[in-house]
Amino acid sequence: MASHQTGERPGAGEPVRSPPSGSAVLEVKNLSKTYARNQVHALDRINLTIRDGQFASIIGPSGCGKSTLLKIMAGLFPPSAGQVLLTGTPVQGPRPDIGMMFQQATLLPWRTSLDNVLLPIEIRHGSRAAQSRRGLAGELLSLVGLSGFEKAYPGELSGGMAQRVAICRMLVTEPSVLLLDEPFGALDELTRERMNEELQRICTERSATAFMVTHSIAEAVFLADVLFVMSSRPGRISEVIEIDLPRPRDFSVTTEPDFGKIVHHVRQQLDLGAQL
Amino acid sequence: MTTQVTTDDAADAPVVYEETESLLDRVPRAVSITVLGLLGLGIWQAAVSLELISRILLPGPAETFGEIVESAAGIVARDHVFDALWITTQEVILGFIAAAALGFGLGVVVGETKFGQRAVMPYLVGFNALPKVAFAPVFVAWLGFGINSKIMMALFIAFFPVIVDTAAGLASADRDTVMLFRAMGASRWQTLRKLKLPAALPFIFAGLKTAAVFSVVGAVVGEYLGGGKGLGELVRLSAQQLRIDRVFALIFYLSLLGLALFAVIGWIERKIVFWHRADPTDVASA
Ligand SMILES: Nc1ncnc2c1ncn2[C@@H]1O[C@H](COP(=O)(O)OP(=O)(O)OP(=O)(O)O)[C@@H](O)[C@H]1O
Ligand SMILES: [Mg+2]
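Residues numbered from 1 in each chain as written. Chains lettered and ligands numbered in written order. Predicted model: local features only at pLDDT ≥ 70, side-chain atom pairs only at ≥ 80, totals over all residues.

A. Summary view of helix α3 (residues 61-76) of chain B. All names here are of chain B. With 16 residues, α3 extends 22 Å from end C-alpha to end C-alpha; this agrees with the ideal 22 Å at 1.5 Å per step. Listing the buried residues of α3 in full gives Thr64, Glu67 and Ser71. One face of α3 carries all of its buried residues, which in axial projection span an arc of 60 degrees. More than 90 degrees from the buried face of α3, the exposed residues found are Ala62, Val69, Ala73 and Val76. Those residues of α3 that are buried lie in contact with α4 (80-112) and α11 (244-272). Looking at the residues trailing α3, positive phi occurs at Arg78, about 60 degrees. (Helix = DSSP H or I, 4+ residues; strand = E, 2+ residues; numbered from the N terminus. Expected span 1.5 Å × (residues − 1). Buried ≥ 20, exposed ≤ 12 C-beta atoms within 10 Å, placed from the backbone. Arc of directions from axis to C-beta. Contact = placed C-beta atoms within 7 Å.)

B. Here's a closer look at the interface of chain A and chain B. Counting residues at the interface gives 18 residues for chain A and 14 residues for chain B. Going through the elements one at a time, β7 (98-101) and α2 (113-132) of chain A are the ones with two or more residues in the side of chain A that touches chain B. Broken down by element, the residue count for the side of chain A that touches chain B peaks at three residues, all from α2(A). Residues belonging to the side of chain A that touches chain B are distributed by class as follows: 13 nonpolar, three polar and two charged. (Nonpolar A, V, L, I, M, F, W, Y, C, P; charged D, E, K, R; others polar.)

C. Local environment of the packing of α4(B) against helix α5 (residues 114-128) of chain B. Residue and element names in this part refer to chain B. In the contact formed by α4 and α5, the axes pass within 7 Å of each other and the chain directions differ by 135 degrees. Put simply, α4 runs oblique to α5. Judged by the sense of rotation from one axis to the other, the crossing of α4 with α5 is left-handed. Contacts from Leu106, Val109, Val110 and Glu112 in α4 reach Gly116, Gln117, Val120, Met121 and Leu124 in α5. Split into classes, the residues belonging to the contact of α4 with α5 amount to six nonpolar, two polar and one charged. (Axes fitted to C-alpha atoms, helices over the stretch in contact; angles between N-to-C directions. Parallel < 35°, antiparallel > 145°, perpendicular 65-115°, else oblique. Left-handed = near helix turned anticlockwise from the far one by under 90°.)

D. Expanded view of the sheet that holds strand β5 (residues 81-86) of chain A. Residues and elements named next belong to chain A. Across the sheet, four strands lie side by side as β3-β2-β5-β6; this open sheet has antiparallel pairing. Each edge of the open sheet is held by one strand with a lone partner, namely β3 (40-51) and β6 (89-90). Inspection of the sheet shows β5 paired to β6 by two bridges, in the antiparallel sense. Residue Leu86 lies in a different strand from β6, and its bridge partner there is Thr89. The sheet contacts of helix α1 (residues 66-73) involve β2 (24-35), β3 and β5, and relative to β2 the element is tilted by about 125 degrees. (Pairing = 2+ DSSP bridges.)

E. Looking closely at the environment of Arg233(A). Counting through the fold element by element, Arg233(A) comes out in the loop between β10 (226-231) and β11 (236-242). Counting along the chain gives 110 residues from Arg233(A) to Ile123(A), while the straight-line C-alpha distance between them is 38 Å.

F. Summary view of the site of ligand 1. Residue and element names in this part refer to chain A. Every residue close to ligand 1 is listed here: Tyr35, Arg37, Asn38, Val40, Ala42, Ser62, Gly63, Cys64, Gly65, Lys66, Ser67 and Thr68. The set of elements that each furnish at least two residues to the shell around ligand 1 consists of β3 and α1. By residue number, the principal contributor to the shell around ligand 1 is α1, which donates three residues. (Near = placed C-beta within 6 Å.)

G. Spatial organisation of the environment of Gln200(A). All names here are of chain A. As for its placement among the helices and strands, Gln200 is situated in helix α5 (residues 189-206). Owing to 18 C-beta atoms within 10 Å, Gln200 belongs among the partly exposed residues under this scheme. Measuring from C-alpha to C-alpha, the distance between Gln200 and Val28 comes to 24 Å, with 172 residues separating the pair along the chain. Dropping the residues within four chain positions of it, Gln200 is found in contact with Leu223, Pro248 and Arg249.

This is the structure:
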């Protein structure tokens, strides 16, 4: 575990570097966001870099600006200042090489699982292209243990199953970058652990770069190569923690002392932020 | 470590939970409907038998039923009641279709565009506050005593709820899903067609059901105030002759017309909006 305190000079100066493991895929540079409508200063000079194949988690108190950051990174709305670079080019709108997932599965209830998975292809390349990828979508569904549920409607799935369909929908366009906003926040603990292991397997298999917002310290530490801790009002990155627990990790790692140490440290940082 | 979870005296007695549903709710549906109906008829018959109200002004259930049967025979034989019913049916259905189309179109404009929301909606709200029935003579002046003025009246009364429900339905699409569509690079048209419109369907159907009832009202009011040859005119004439039993029979057929339209819409809704939870006001599926 290596950690960099940035609290003394919040957000200013050099972007915080993680050890050179690959080229930078996502770079956030001096990013600030003020919501004009209510003058909420949601993000203040955020700097971060995520390298190729890295899994980054971000954790922080509610309302500190995590979702705002993620949505700006996805090109869903513009920052007030600063910029986001995706593989070197500035993000100025939605990009096809990004896959997204939210806390709710956001499946369309009038479409079967398979048709939900095919939705991004249908939108980008039309129905015919979507039809030609049915095989691929079916494979994705069986990859997450949902073979036999291709024709099921979301109303017939459990929360965990629906979230797995959402994972497939995110993966079907083979995005190189995954942006996840509390993807498993609505699930029970056991399902959540299983989904975490599944997500880890998928990301390793595809060597995808991922950025995940979470409220669970254990989840953040379990999944991440690098963990950003945020403090609120205005939202800043208060600490960057490198997590070098060996991979692949399974949930027995959570009982190990190293894991406990990191979790303890993160909790202290969050409590520290809460006192400010 | 043990945890005490039972109190001593209840420890060995098996606990039987009482069914909490009230006695009234446990009665089978067919029985409760029949009983309630008979009760209503009984009160009606009693009011007539006890001469609380003059027989001329309030015919009893039996006479009314007799009149309904008699008219039914006439309708089957295609007499003047049949002709009137057919005319009113046309007015209601055409008025409804026009209201549905206009309401849906304006609803999409109001729900989808800032212009619609800011500029069009205030006029529509103001319009809705007008006493619409008062326009009946105007429609007669414009469109004559035939069915056109009644179609116009039905349209006029029925289209507003479709606008409101369509616009509300479009706005009901889940915010994260809208974000997701944006992230997938969906065009505005794609978002509308693949997300917002399907999400709006339950609302739109609710609006259409209201419009169905309103278009019957519109057509009949149009006939009361603008003559013509529909059922409304027959009702007016029968009332003038103090044939209240016939009035009741005709009103019965009018409500059948409304119910039929309502039922057809409900049937289509259940076919199309299969994913939506059951609607508690949906009589057919209870
Ligand atoms: N559309 C918006 N308009 C105005 N203010 C907003 C908007 N969205 C978010 N905010 C404000 O920006 C701040 C950050 O919100 P954001 O949703 O990014 O927080 P978050 O860290 O994701 O919180 P949570 O963990 O609860 O999801 C909040 O104070 C919120 O009030
Ligand atoms: Mg959030």
